[in-house]
Amino acid sequence: MTQFEATLPDPLGLWLSVKAGELPPGYEESSDLSFSLAPDSATPSGPPVFRMRLSKESLADEPLTRQESEMAQLDAALQHLPNRLEALLQGMETNPSAAGNVSFDTAAAETEWSPENELRALLNDLTQSESVSFEAQGGALAAQEPLSRAWRQARDEFQSFLETINQTVLHFAWVETVLDGKLIARSAVDWSGDTITAWVETADSVQKRLHHQTLERAARTRHLNLRLFTAITGGAIKIAALLTTGTPVLALPAAYRYVMAVIRQTREWQSPVHPS
């Protein structure tokens, strides 16, 4: 069995989220492997850890080869997403309401779930926003904010996403490869291109190739997360242009929910059956 683990939530679903400090069953840090900067995985605020855990029996399954297709499909979905959103928003512009404003009413939309219908519902919430006030340095401020539970949930999820992106993109990470419960390699990656790796003294060419593949997967995950963030912010700008109330800041949760719905749909379309 091969498992990809990370101590951060993974919005793309490429890594299984595990608690900081949680180690695989049978995990053994070899006395042959020494690293002067030992990862403090037990600290929640510490650097994220990306770990591939596999067994010798699973090597023949070429797990990373299968995952390559999955990452390629996600990359294609993100590349196509701006055009998909643009087509949806243009359709809204060409079908204004009787009052002359863009209508986000979902009554006439298809009843089955889709990223487009979910976005319409959230945009409809935005058009019905009410003024809320909050305290800030220098006095009270007011803003228009939807009161719906769905929008508030989207806002909270977007805030969590920003925290994950901050940890994934701006901070260095540990990347580990574990074979049959034994740590064979650990790298410190600062995302600027610098990598320091510690190996067990008995590491052979196969084990080194596996760890290099783990490093590549972690790097590609970071790249996809950057693409994900760009898609969300770009989508929010387009959505805000249609709104008669609200700001791009308020459009961000709606854009986030739409982009993540497209990602979820892409993963559902991916076949779970891999031909031999």
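For the structure, see preceding data.
Residues numbered from 1 in each chain as written. Predicted model: local features only at pLDDT ≥ 70, side-chain atom pairs only at ≥ 80, totals over all residues. Heavy atoms only, no water.

Undergrad: Please clarify how the packing of helix α3 (residues 149–170) against helix α5 (residues 248–269) should be interpreted in this entry.
TA: When two helices pack together, you describe them by how their axes are tilted relative to each other and by the distance separating the axes. Between α3 and α5, the least distance of the axes is 8 Å, while the angle of their chain directions is 85°. Considering the angle they form, α3 stands roughly perpendicular to α5. Of the residues in α5, those touching α3 at Ala 150, Trp 151, Gln 153, Ala 154, Arg 155, Glu 157, Phe 158 and Phe 161 are Leu 250, Leu 252, Pro 253, Tyr 256 and Arg 257. Taken together, the residues of the contact of α3 with α5 break down into nine nonpolar, one polar and three charged. (Axes fitted to C-alpha atoms, helices over the stretch in contact; angles between N-to-C directions. Helix = DSSP H or I, 4+ residues; strand = E, 2+ residues; numbered from the N terminus. Parallel < 35°, antiparallel > 145°, perpendicular 65-115°, else oblique. Contact = heavy atoms within 4.5 Å. Nonpolar A, V, L, I, M, F, W, Y, C, P; charged D, E, K, R; others polar.)

Undergrad: Help me understand the side chain of Thr 266, please; the structure alone is not making it clear to me.
TA: Following the sequence through the fold, Thr 266 ends up in helix α5. Setting aside chain neighbours within four positions, we find Thr 266 in contact with Gln 73, Leu 74 and Ala 77.

Undergrad: Would you explain the packing of aromatic side chains in this entry?
TA: We describe a pair of aromatic rings using the distance from one ring centre to the other and the angle between the two ring planes. Inspection of the entire model under this criterion finds six aromatic pairs. Taken together, a centroid distance of 5.1 Å and an interplanar angle of 70° make the contact between Trp 15 and Phe 50 edge-to-face. Within this pair, whereas Trp 15 is found in the loop between β1 (3–6) and β2 (16–17), its partner Phe 50 is found in strand β4 (residues 49–54), the two being separated by 35 residues in sequence. When its relative accessible area of 4% is taken as the criterion, Trp 15 is described as buried. (Phe/Tyr/Trp six-rings, centres within 6.5 Å; stacked < 30°, edge-to-face > 60°. Buried < 20%, exposed > 50% of the residue type's maximum accessible area, 1.4 Å probe, protein only.)

Undergrad: What is the right way to read helix α4 (residues 205–240) from this model?
TA: In an α-helix there are 3.6 residues to a turn, and that puts residues three or four apart on one side. The end-to-end C-alpha distance of α4, which contains 36 residues, comes to 53 Å, matching closely the 52 Å that a straight helix rising 1.5 Å per residue would cover. A side-chain oxygen of the first residue of α4 lies 3.2 Å from the backbone nitrogen of Val 206; this N-cap is Asp 204. (Expected span 1.5 Å × (residues − 1). Polar contact = N/O pair within 3.5 Å; in protein donor to acceptor, adjacent residues only side chain to side chain.)

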